[in-house]
Amino acid sequence: AAGAVALAAACALLPESRFVEAFLAASQGEDTVSKLLFYDEGETDTVAVVARDYGFRDPEAKSLITNGVAMSATVKPVWRYMSVEGHLPVLAAGTPRRALAIGVGTGITLAAIVSHPEVDTIDAVELSDGVVAALPQFADANRRAWEDPRVRLRREDGRHFLETTTATWDVVTVEPPPPIVAGAVHLYSLDFYERVKRRLAPGGVLAQWLPLHAQSLASARMTAATFLAAFPDAQLWLPSVRDAVLLGGDRPIALDGARLAAAWATTSTRADLDAAYLETPEAFLGTYLLDAAALGRWSAGAPLVTDERPRMEFFRTRGANMTDRDIGSILGLADPDWSFVTGPGDDTALLARVGRESAALRAYVGSRAYDEPARGLRAARLSLGTEFYLYGFGCATDQLDPLRAALDDPAGPERPGLRAHVEQCAQLRRHRGTDDRGP
């Protein structure tokens, strides 16, 4: 006992920096941390926000770390999925007046919901005081969405909140910790989804993050099977390689072409979509991947996750985390059918553009899954609706502009490598809109 007291006293005398250093050293991806921006030890978790070294491709990117697990980030592929998760249920809901966001994280999903003026009220539920306190660190990405007068920020457990309210919502987004986090399983169980269904208004839609990289293939298939059991008309969208979005409601999903056009014509919504490399409706629709039938084929035979049988909690016995190659196996399940998009269904030209964006997405995912850069080049050349596929090469407009400015600075040093990169990007951009497989 005396030794324990002495040890506690010794720890109390250590500077806080020692604990922060130990926390970061034990966290995922600690080798890429370039700067600590925020640190908080709260009653539920320890939260840090760090800048990571992504190079010139994403120099402002930040990462949210909770209890040593990288929960989210503003690096563009992650930003893109969070934006889709916020916009998609608003666009698919019958009348998107009331929204509920369970899990606030960086606030990017919340910002996507807030960007739609037709949403009247938004309940944002977050368990972690540290995550809420860290929101200003991501203000350049979330546009201080939590301060919007329509938002009611609630510090509470999301599932408990659902079980103690009789309110209903037209739009629900759920971004729980990934399944590798102890206890997160109860936000992926059939019991939880049934509770969400009871709180959906008629025509309501739920969107949930499916982290493909933070669980085993067996665990991901269990998640899909469980979601499908609760929402038989579910869909899977894949805005980037490692982060999918599951979509479900009380009826088959339908997207109205007129509403899509109106969203991109709304200044606040368009700005949010552009920031996530979702510059056109075609690029947005091109991230749709699997309907319920294909999702059923992928998850066939997988057991359901329930509160009584939280199989996902023990996913380490079912294999390592999914690799990009595992994720690539999803591509061959089915060709997307956009018949759920109403209104412009007879617009052959529009559907052809959507198909082109879908082909670009598949080429991009394939390039990462099978380590084939040529597929990535094909994606960049195919797509006319988004610069997302140029981003990985450092050739997107917002990446090139500061590089060009540096080259044009007469007082700056000569940078032949940088100049060669800019010239190569110009060549790649000239080939956009083609299926050219040349060098």
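Criteria and thresholds
- Residues numbered from 1 in each chain as written.
- Predicted model: local features only at pLDDT ≥ 70, side-chain atom pairs only at ≥ 80, totals over all residues.
- Heavy atoms only, no water.
- Buried < 20%, exposed > 50% of the residue type's maximum accessible area, 1.4 Å probe, protein only.
- Helix = DSSP H or I, 4+ residues; strand = E, 2+ residues; numbered from the N terminus.
- Pairing = 2+ DSSP bridges.
- Axes fitted to C-alpha atoms, helices over the stretch in contact; angles between N-to-C directions.
- Left-handed = near helix turned anticlockwise from the far one by under 90°.
- Contact = heavy atoms within 4.5 Å.
- Salt bridge = Lys/Arg side-chain N within 4 Å of Asp/Glu carboxyl O.
- Arc of directions from axis to C-beta.
- Core = buried A, V, L, I, M, F, W, Y, C linked by side-chain atoms within 4.5 Å.
- Disulfide = S-S within 2.5 Å.
- 1 Å grid on protein atoms, 1.4 Å probe; cavity = no way out; pocket = protein on both sides within 12 Å on 5 of 7 lines; lining within 4 Å.
- Points joined across faces, edges and corners; volume = space filled by probe spheres on them.

**Student:** What is the right way to look at the pairing of strand β3 (residues 62-66) in this model?
**Tutor:** Strand residues, when the strand is regular, have side chains that alternate between the two faces of the sheet. Burial analysis of β3 places five of its five residues in the buried class, which makes it a mostly covered element. Residues Lys62, Leu64 and Thr66 point to one face of β3 and Ser63 and Ile65 to the other, with burial holding for every one of them. Inspection of the sheet shows β3 paired to strand β4 (residues 69-73) by four bridges, in the antiparallel sense. Paired with Thr66 across the strands is Val69, a residue of β4. With antiparallel pairing between neighbouring strands as the criterion, β3 and β4 make up a hairpin whose turn holds two residues, including Asn67 at a positive phi of roughly 50 degrees.

**Student:** Would you take a moment to explain the packing of helix α8 (residues 190-198) against helix α9 (residues 217-230) for this structure?
**Tutor:** What describes two packed helices is the angle between their axes and the distance between those same axes. Running from N to C, α8 and α9 cross one another at 35 degrees; their axes reach a closest spacing of 9 Å. At the point where α8 passes α9, the crossing takes the right-handed sense. Within the contact between the two elements, α8 uses Leu190, Tyr193, Glu194 and Lys197 and α9 uses Thr223, Thr226, Phe227, Ala229 and Ala230.

**Student:** Before we go on, may I ask you to explain the pattern of salt bridges in this structure?
**Tutor:** Any two side chains of opposite charge can pair, on the condition that their charged atoms come close. For the structure on display, the rule yields 19 salt bridges. For Arg143, the salt bridge is made with Asp272, and the minimal N-O distance between the two is 3.3 Å. With Arg143 in the loop between α6 (139-142) and β7 (151-155) and Asp272 in helix α11 (residues 267-275), this pair connects stretches of sequence that are 129 residues apart. Among the salt bridges present, the one from Arg353 reaches Glu282, with a minimum N-O distance of 2.7 Å. Taken together, the residues Arg353 in helix α15 (residues 348-369) and Glu282 in helix α12 (residues 281-285) connect sequence positions 71 residues apart. Among the residues examined, Arg353 registers a relative accessible area of 41% and is labelled partly exposed. Judged by its relative accessible area of 11%, Glu282 falls in the buried class. In the salt-bridge network here, residues are joined through shared partners; they are Arg98, Asp123, Arg152 and Arg154.

**Student:** For this particular structure, what's the right way to read the sheet that holds strand β9 (residues 200-211)?
**Tutor:** Strands belonging to one sheet form pairs held by backbone hydrogen bonds; the direction of such a pair is parallel or antiparallel. The eight strands lie next to each other as β7-β6-β5-β8-β9-β11-β10-β13, forming an open sheet whose pairing is mixed. Every other strand in the sheet has two partners, leaving β7 and β13 (288-290) as the edge strands with one partner each. Taking each pair of neighbouring strands and ignoring which way they run, the sheet shows an average axis angle of 20 degrees. The pairing of strand β10 (residues 235-237) with β13 spans two bridges and is classified as antiparallel. Note on β13: the bridge partner recorded for Trp237 is Tyr288.

**Student:** Please clarify how α8 should be interpreted in this entry.
**Tutor:** Since there are 3.6 residues in each turn of an α-helix, residues three or four apart along the chain are aligned in direction. All of the buried residues along α8 are Leu190, Phe192, Tyr193 and Val196. Viewed along the axis of α8, the buried residues span an arc of 160 degrees, placing them on a single side of the element. Next to the buried residues of α8 lie β5 (98-102), α7 (158-163), β8 (169-174), β9 and α9.

**Student:** Would you explain the nonpolar core in this entry?
**Tutor:** Counting residues in each nonpolar core, the largest one holds 131 residues, and the members touching the most others are Leu212, Leu236 and Trp237. Of all the elements, helix α3 (residues 76-92) adds the most residues to this core, at nine residues. Contacts of Trp237, omitting those with residues within four sequence positions, involve Leu88, Ala244, Val245, Leu247, Leu255, Phe284, Leu285, Thr287, Tyr288, Leu289 and Phe340. In this structure, Val20, Ala48, Val50 and Ile65 belong to the second largest nonpolar core, which totals five residues.

**Student:** Is there a simple way to think about the state of the cysteines in this case?
**Tutor:** By definition, a disulfide links the sulfur atoms of two cysteine residues through a covalent bond. Evaluated as defined, the whole model comprises one disulfide. Disulfide pairing is shown between Cys395 and Cys425; the S-S distance is 2.0 Å. Taking the sign of the S-S torsion, -70 degrees for the link of Cys395 and Cys425, the bridge is left-handed. Placement of the pair is Cys395 in the loop between α17 (388-391) and α18 (397-408) and Cys425 in helix α19 (residues 416-430), with a sequence separation of 30 residues.

**Student:** Where do I start with the layout of surface pockets in this structure?
**Tutor:** Space left empty within the atom packing is revealed by a probe, the size of a water molecule, rolled over the atoms. Of the volumes computed, that of the largest pocket is approximately 880 Å³. If you trace the largest pocket, you find 36 residues lining it, with Val75, Pro77, Val78, Arg242 and Arg368 closest to the centre. Listing elements by their share of the lining of the largest pocket, those giving two or more residues are β4, α3, α15, α16 (373-382) and α17. Examining the composition of the lining of the largest pocket, we find that five residues originate from one element, β4, more than from any other.

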